[in-house]
Amino acid sequence: MNKIYFLFMLLLALFFTSAQSLKVEYEVQFKSKDTPELTGSSDFQNKIKSLIDAPQRHILSYSDGNSVYKSILPEVIYDSNKENDFDDEIRKNIYERKQIKIFKLKNEKGAYGYHNLKNEEFYQYVIPHFDILQTLETTEKILGHICKIAEAEMGNKNKAKVWYTEQINIKTGPMAFYDFPGLVLKVETRNMSIIAKKVEKDVGNISLETLDKNIKVYEGEAFAEKMRQPTN
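Quantities reported herein were computed from a predicted structural model and do not represent experimental measurements.

*Asks:* So what about the sheet that holds strand β14 (residues 183–189)? Which residues, and what values?
*Replies:* The 12 strands are arranged β11-β12-β13-β14-β15-β1-β2-β3-β8-β9-β10-β16 in an open sheet whose pairing can be described as mixed. The open sheet has two edge strands with one neighbour each: β11 (130–142) and β16 (216–219). In this sheet, neighbouring strand axes are inclined to one another by 25 degrees on average, regardless of whether the strands run parallel or antiparallel. Pairing of strand β2 (residues 56–63) with strand β3 (residues 66–71), which is carried by six bridges, proceeds in the antiparallel orientation. Counted as the bridge partner of I59 is K70 from β3.

*Asks:* Pulling in residues and values, what's your account of the side chain of H58?
*Replies:* Following the sequence through the fold, H58 ends up in strand β2. Its relative accessible area of 0% is what places H58 among the buried residues. A polar side-chain atom of H58 sits 2.9 Å from a polar atom in the side chain of Q56. The contacts of H58, once residues within four sequence positions are left out, are V24, E25, Y26, V28, F30, Y69, K70, S71, I72 and I100.

*Asks:* A description of the nonpolar core should follow, citing residues and the corresponding values.
*Replies:* Y26, F177, F180 and L183 are the most contacted members of the largest nonpolar core, which has 33 residues in total. Those elements that provide at least two residues to this core are β1 (21–30), β2, β11, β12 (145–154), β13 (159–165), β14 and β15 (192–201). Residue contributions to this core peak at five residues, all from β12. Setting aside chain neighbours within four positions, we find F177 in contact with F130, M154, A160, V162, T172, V184, V187, T189 and M192.

*Asks:* Let's hear about the packing of aromatic side chains: which residues, and what values?
*Replies:* According to the stated counting rule, one finds 10 aromatic pairs in the structure shown. Where F103 meets Y123, the ring centres are 5.8 Å apart and the plane angle is 85 degrees; that geometry is what we call edge-to-face. One end of the pair, F103, is in strand β8 (residues 101–104); the other, Y123, is in strand β10 (residues 120–126), with 20 residues separating them in the sequence. Note on Y123: relative accessible area 3%, which makes it buried. Between Y112 and Y125, the aromatic rings sit 4.7 Å apart at their centres with planes inclined by 50 degrees, giving tilted as the arrangement. With Y112 in strand β9 (residues 111–117) and Y125 in strand β10, this pair connects stretches of sequence that are 13 residues apart. Each member of the pair Y112 and Y125 is classed as buried.

*Asks:* Please provide a residue-by-residue account of the pattern of salt bridges, values included.
*Replies:* Counted under the stated rule, the structure contains 14 salt bridges. Taking the shortest distance from any N to any O, the salt bridge between R57 and E25 comes out at 3.0 Å. Of this pair, R57 sits in strand β2 while E25 is found in strand β1, placing the two residues 32 residues apart along the sequence. Residue class for R57 comes out partly exposed when judged on its relative accessible area of 40%. Judged by its relative accessible area of 23%, E25 is partly exposed.

*Asks:* Tell me about unusual backbone geometry, and name the residues and values.
*Replies:* Backbone geometry places D64, a non-glycine residue, at a positive phi of 50 degrees. Tracing the sequence through the fold places D64 in the loop between β2 and β3. Residue D64 is classed as partly exposed on the basis of its relative accessible area of 31%. Phi at D202 takes a positive value of approximately 50 degrees, unusual for a residue other than glycine. Note that D202 resides in the loop between β15 and β16.

Criteria and thresholds
Residues numbered from 1 in each chain as written. Predicted model: local features only at pLDDT ≥ 70, side-chain atom pairs only at ≥ 80, totals over all residues. Heavy atoms only, no water. Pairing = 2+ DSSP bridges. Helix = DSSP H or I, 4+ residues; strand = E, 2+ residues; numbered from the N terminus. Axes fitted to C-alpha atoms, helices over the stretch in contact; angles between N-to-C directions. Buried < 20%, exposed > 50% of the residue type's maximum accessible area, 1.4 Å probe, protein only. Polar contact = N/O pair within 3.5 Å; in protein donor to acceptor, adjacent residues only side chain to side chain. Contact = heavy atoms within 4.5 Å. Core = buried A, V, L, I, M, F, W, Y, C linked by side-chain atoms within 4.5 Å. Phe/Tyr/Trp six-rings, centres within 6.5 Å; stacked < 30°, edge-to-face > 60°. Salt bridge = Lys/Arg side-chain N within 4 Å of Asp/Glu carboxyl O.

Dropping the structure here:
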């Protein structure tokens, strides 16, 4: 009888864990100061530089093992200089940031990154690889959640420090950092800093954008070759 009760409670716990949903808002600061080659008025160029330097807002939505991670796009920047204004109803100078969009499907190790090159849509499928070098003895609280801190080496040999909380027992997180033993709330690498600013648990009626099965998927060298194609 006790064994039956134990198995029932275990299955019940597994059910509620798998049915969990959440939404996390992250602040992301890219550390690279590389800027695109800019033309147009000085005001136009300064606005672009300010936008590139500013932290970005990203949203992770998770439900029942599936997740979608998106950057929130800022407004398009137009050149207000009259000399660079409309020309046959087409603006000469415009800056529009590309959206980061990553789909993680339940029971799949990898994730699908969305791309749009020359108006052709496609996905890059990547299985991230991390070797955890050590888990520090110290912990840190983020948004009231106790986080363990892991030092890891990524597949490209770059190092990352990852803060995750087992108090929210869901393996998900920002960008490619979704396979740690709990919700990832903070990441530090050589190229970027990510910190959670808000966590909503048990989000009711959450609706995730789904992967478009009509869009082609590239992986490994096939994706690299695709990106080497000339853009003109």
